[in-house]
Amino acid sequence: MLLSLVVALMLIFIVAPKRGQTNILIYILICSLIGAFSVSSVKGLGIAIKQMLEQKPVYRHPLVYILVSVLVLSVSTQINYLNKALDVFNTSLVTPIYYVCFTTTVVTCSIILFKEWSSMDLGDIIGTLSGFCTILIGIFLLHAFKNTNISWSHNEYKCSVINVTET
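Residues numbered from 1 in each chain as written. Predicted model: local features only at pLDDT ≥ 70, side-chain atom pairs only at ≥ 80, totals over all residues. Heavy atoms only, no water.

In the nomenclature of an unreviewed UniProt entry, the protein is known as NIPA like domain containing 1 of Strigops habroptila. UniProt, in its Sequence similarities (unreviewed entry) section for the protein, records the words "Belongs to the NIPA family." The record in UniProt for the protein states the following under Subcellular location (unreviewed entry): "Membrane". (UniProt positions renumbered as here; feature names shortened; annotations may be inferred.)

Here it is, written out as structure tokens:
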């Protein structure tokens, strides 16, 4: 957590003012690193709500209020830097890169913080990683061939591929 926070703060205060307008990864990495905090705090709040429904006095613990504060701060920071990335760079580039970076940081955070994989079998871990890689490859392929128009001729059984370039 401390490493993610230090890297995110360095990106925000040192790197982003200099290179944020020219490198798409700067704003997206800030969103992704801070996103790990928002997902973790939501998970903690979910546990607190579950305990509250079981009639446990979780509202007396300061951790609940810390989690709410972290959630509000992290979501507002994410929205700010995602909007900056979308203002500067093309949406078709920002969306897949953000999805991949965000998912990677959240999965890594979940592995470390909640130790979710310590109770999983090797087959389940391999299956999870395979699914994750399949999603990443699928996102890449969808956006790599987004501007390709495939049309089928009714009279002939040929497939013609027309590349449409952005202007």
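Asks: Explain the pattern of salt bridges to me, using residue names and the numbers behind them.
Replies: One pass over the full model with this rule turns up one salt bridge. For Glu54, the salt bridge goes to Lys56, with nearest N and O atoms at 3.7 Å. (Salt bridge = Lys/Arg side-chain N within 4 Å of Asp/Glu carboxyl O.)

Asks: Describe in detail the packing of aromatic side chains, supporting the description with residues and values.
Replies: Using the criterion set out here, one finds two aromatic pairs in the structure. With centroids separated by 5.9 Å and ring planes inclined at 40°, the aromatic side chains of Tyr27 and Tyr81 adopt a geometry described as tilted. On the criterion of sequence distance, the pair formed by Tyr27 in helix 2 (residues 24-53) and Tyr81 in helix 3 (residues 62-88) is long-range, its members being 54 residues apart. Accessibility assignment for this pair places Tyr27 and Tyr81 in one class, buried. (Phe/Tyr/Trp six-rings, centres within 6.5 Å; stacked < 30°, edge-to-face > 60°. Helix = DSSP H or I, 4+ residues; strand = E, 2+ residues; numbered from the N terminus. Buried < 20%, exposed > 50% of the residue type's maximum accessible area, 1.4 Å probe, protein only.)

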